[in-house]
Amino acid sequence: MRRLQIYGFFAFLFTVQMFAQQTNVVGKVLEDVSGKSIPGATVSIEGSDLSVESLKDGSFTFKGLNLPLGEHFLIVDEVEFSTGRYPIVINVGETLDVGTLFLEFDIAKENLQISTISLTDNELDGDDASAYNISGLLASSQDAFLRAAAYDFSAAFFNPRGLDNASGKVLINGLEMNKVYSGRPSWGNWGGLNDVQRNRVFVRNSKASDYNFGDVGGTTNIIMRASKMRQGGRVSYASSNRSYQGRVMGSYNSGALEGGWSYSVLLSRRFGEEGYKDGTLYDANSFFVAVEKELNDKHSLNFTGFYAPNRRGMSTSLTEEVVALKGRSYNPNWGWHGDDKRNSKIRKTEEPVFMLNHYWDINEDIKLNTNVGYQTGFMSTTRIDNGGTRLEIDPNTGEPFYLGGARNPSANYYQNLPSYHLQDDNPTPADFQSAYEAREAFVNGGQLDWGSLYRGNRNFKGDNSVYALYSDRVEDSKIMANSILTAKINENMTLNGRLNYKKLNSENFAQMEDLLGGQSYLDIDFFAEESGFISGVAQDLAQSDLNNPNRLVYEGERYKYNYEIDAEVYDAFAQMQLKYNRLDFYVGGKVGQTNYQRTGLYENGFFPGAGSFGKGEKLDFTTFGGKLGGVYKITGRHLIDMNLSYAQDAPTIRNSYSNARQNHEVIDGLTEVTSQSLDLSYIYKSPLLNARVTGFYAGFQDETNVAFYFTEDITGLPADDGSAFVQEVMSGIDRKHYGVEFGIEAQILPTLKLKAAGSVGNYIYDNNPNIYLTSQDFPGQQLSFGDGKTDMKKLHVSGGPERVFQLGFEYRDPNYWNVGVTANHFSNSYITPSGLLRSDNFALDYDGVKFSDYNNEEARGLLKQEKFDDYMLVNLTGGKSWRIGDKYIGFFAVVSNLFDEVYKTGGFEQTRKSNFNTRGEDMSRSNGAVFGNRHYYGYGTTYYLNVYLRF
């Protein structure tokens, strides 16, 4: 018995010793030709969720990660190289040294990265915030559906799950880059930096992220750290007919140097007199530098700075009448000025970013990353002001009055179109003659007449301009700081945490850019005299700033409006990740505080005193959220993935004030926005087939939205005329997004891959929001109608097609050439609905009494949400490279929309005619509506060609 106890004791010691020994897998990843190290390569064990990244010398280590024992495959993946797959055998208590793993440069992956980032950059240069999609977030994903969304679907401004890019977070070196004003990332701030954006970590939807709590639209961290850049250089030239015509770029990464230094530099320029849209100039330069010093084995300090000033000519939405006369590439914003095409609407962005990043490996299990960033500069968009005037004195009464103002100079102004002359029920021969002349003038011209603006200023009595070019300008200064902790508690458990701070000072004003031949401009609101029913002196109402009445403005000066917004954001995030053989699980939470305050620098005549001048109410929002999810591994190839989140977030600055340019008024009932999301996926992984199918749901409550427009049909005003320029405020907006998405890739031959992807969704408003109007025509009032609601429930949320499908293939030849074709079908796209049209105002005459001939059936027809036609886009890709020693030279080409399909990407309902009678009359005109819906159109057949040298 004692002998058995002794044997048992030694057996126990042996067992303890065996399990005490660490089970490790180590190795190094190098390029096959040059032998250079490949930092940042993802090394994973097939059939598990275990992965690590290679270090700057290419080495990697799986240590204490509860490694699966037995025979497996080691997968090595990096964006520009062929994926490596190596058989290994893991034994308990042993260190497996796989030695050096060589990866071969993959031209197809290189080309895909080039095309996705470059074409996404073009797509993000739209002229309306609603057109900005999130395809740029997805460029680094290895998921078949997200790759399709990033490239092929982005031409239709498709938003995965119906979520725009305000629903996703974009980080650079761990610092969040989303704008506080709109919640959207401004991709133009780092446009043209393609070569240093390749190292991206994308986390789908609300899944666990090491950097932040995330959002329902996912999180992307772009790593612009010098030591993480692959050693070597690259020069390239691109030609396109989309947004720009040419791009030249050069970059070089030093890799690890003696003394622990590394650096990365990039210069690029994008240019073009016009893109696919007429008169859309493009002028952009980009500069980037990153320098990193490894202080010792535990500390590393990295500086990153980039500056991407850009200037772009903008296009606009069009009615069907205009497109029928001039085509989808027509742009009314430009006209000839001498021998040059001059666009009146120029968007400029100059916002350099500087950041300092400290990386501290406290020990092998605990890492702390602290980041500080500063962003400054401005964004501006020019437009024509035709309200110039001069101050006169009535010789009979001695009373001052204003004389001036001018007709709208826009080439597609409704009075310039044939439909305007044929709006009567029975047009006369003279009407038809006028319509014919308008048609001929528009077809043969139809552009902005810069000469007439200069002549108008010369003919206007005095030195003041009646026409001028000004810009809406925003000058931001933002400080960002955070600390991100990653702590491995044990081989199964990892803790992530972040403390974050952001402070913004935003100056917002109009700036006089060009007096168009005049000497000065009188800073008053010429239309104030039309607001004579308001108590007060029209001369006082007209003042942009009562503290400086009747001020003359010169080029480069501020006028019209001038205010500041100060914002502070504090938040904290914590997350626990647990990894086991069959189950990976995470749970996380966040809490934060967001503050806004407006300071008026002008005292507006319509909102005198504390209504517009000085500090306004301080807005405070408390935010919190929680999420959980995990992956259950049925086998190494079959996985079930689930993610669930709930959060309350602060509304954006844009949707917190009804009209911040003129006053302090905060949206009535403003509160935090609540969101929930749930997705459930089945994933299959094998060497021959990768597939994912996901069911998803996202809900949002208490959103707000502010729209600005002119309408002629408001009931209940204290005047016979129901016309006013208004701010439409909708609050308490609820919506829900649900559907299914899938992606499949089949490697049927070593050189041939078939792929399919798609999404079927339903994105609808889930209630009837509150609605009211504000305006300088009825200052201090909130004009609402009936029950104060708008009938939006079950209408579709605009934002690209709800249904998309793709079929395609990729052929990769061993001799370094590749070709691919995809066919992409889009359907169920809807126009943005007007809230005013669906309020009780629609049924009421100017006196507030319901129309006697109001018909519910006709009203439903007039208010039916427009659904755009289905369409299909076929895209071709191809490329070839040649290896010369350890260098590569090659080209890549894309032809998009091969068959020149005409399609609409978005649009909105005009609200100038906004009641049952006037809209009914306009929409039923036999010669076309004067104020029909306005649309945005996609590009026709376009190309992109990139030639490069990699060394």
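My aim in this report is to walk through the structure given alongside it, one point at a time. Just so you know, these numbers come straight off a predicted model, no measurement behind them.

### Quick notes on helix 6 (residues 429-444)
(1) Moving on: Along its 16 residues, helix 6 runs 22 Å from first to last C-alpha, staying within 8% of the 22 Å computed at 1.5 Å per residue.
(2) Moving on: Among the residues making up helix 6, those that are buried are D431, A435, A438 and F442. One side of helix 6 carries all its buried residues, which in axial view fall inside an arc of 65°. Facing away from the buried side of helix 6 by over 90 degrees, the exposed positions are P429, A441 and N444.
(3) Moving on: Against helix 4 (320-326) and helix 5 (418-421) lie the buried residues of helix 6.
(4) Moving on: Positioned one or two residues after helix 6, G446 has a phi angle of 70°, which is positive.

### Notes on the packing of aromatic side chains
We describe a pair of aromatic rings using the distance from one ring centre to the other and the angle between the two ring planes.
(1) Moving on: Counted according to the given criterion, the structure contains 31 aromatic pairs.
(2) Moving on: Between Y414 and F931, the aromatic rings sit 4.7 Å apart at their centres with planes inclined by 50°, giving tilted as the arrangement. Placement of Y414 in the loop between strand 26 (400-404) and helix 5 and of F931 in the loop between helix 10 (916-923) and strand 45 (934-937) is noted, with a sequence separation of 517 residues between them.
(3) Moving on: Where F624 meets Y646, the ring centres are 6.3 Å apart and the plane angle is 35°; that geometry is what we call tilted. Taken together, the residues span a long stretch of sequence, with F624 in strand 33 (residues 614-633) and Y646 in strand 34 (residues 638-649) at a distance of 22 residues.
(4) Moving on: Taking relative accessible area as the criterion, F624 reaches 35% and is therefore assigned partly exposed.
(5) Moving on: Overall, the relative accessible area of 37% leaves Y646 in the partly exposed class.
(6) Moving on: Members of the aromatic cluster, connected to one another through ring pairs, are F145, F153, F158, F826, Y871 and Y903.

### Concerning the environment of I393
(1) Moving on: When you line up the elements, I393 lands in strand 25 (residues 389-393).
(2) Moving on: Separated by 10 residues in the primary sequence, I393 and L403 have C-alpha atoms spaced 9.9 Å apart.
(3) Moving on: Once residues within four sequence positions are removed from consideration, I393 is found in contact with G398, E399, P400 and F401.

### Some details on the sheet that holds strand 45
(1) Moving on: With antiparallel pairing, the 3 strands of this open sheet are ordered in space as 18-45-44. Each edge of the open sheet is held by one strand with a lone partner, namely strand 18 (318-319) and strand 44 (904-908).
(2) Moving on: Direction of pairing for strand 18 relative to strand 45: antiparallel, over a ladder of 2 bridges. The residue bridging L318 from the neighbouring strand is H935, located in strand 45.

### Brief notes about the pairing of strand 27 (residues 468-488)
(1) Moving on: When strand 23 (residues 366-375) meets strand 27, the two strands line up antiparallel, connected through 10 bridges. In the sheet register, V372 faces strand 27, and the bridge partner there is A481.
(2) Moving on: Bridge count between strand 24 (residues 378-385) and strand 27: 8 bridges; the pairing is antiparallel. Within the sheet, the bridge partner assigned to D385 lies in strand 27 and is A468.

Thresholds applied
Residues numbered from 1 in each chain as written. Predicted model: local features only at pLDDT ≥ 70, side-chain atom pairs only at ≥ 80, totals over all residues. Heavy atoms only, no water. Helix = DSSP H or I, 4+ residues; strand = E, 2+ residues; numbered from the N terminus. Expected span 1.5 Å × (residues − 1). Buried < 20%, exposed > 50% of the residue type's maximum accessible area, 1.4 Å probe, protein only. Arc of directions from axis to C-beta. Contact = heavy atoms within 4.5 Å. Phe/Tyr/Trp six-rings, centres within 6.5 Å; stacked < 30°, edge-to-face > 60°. Pairing = 2+ DSSP bridges.

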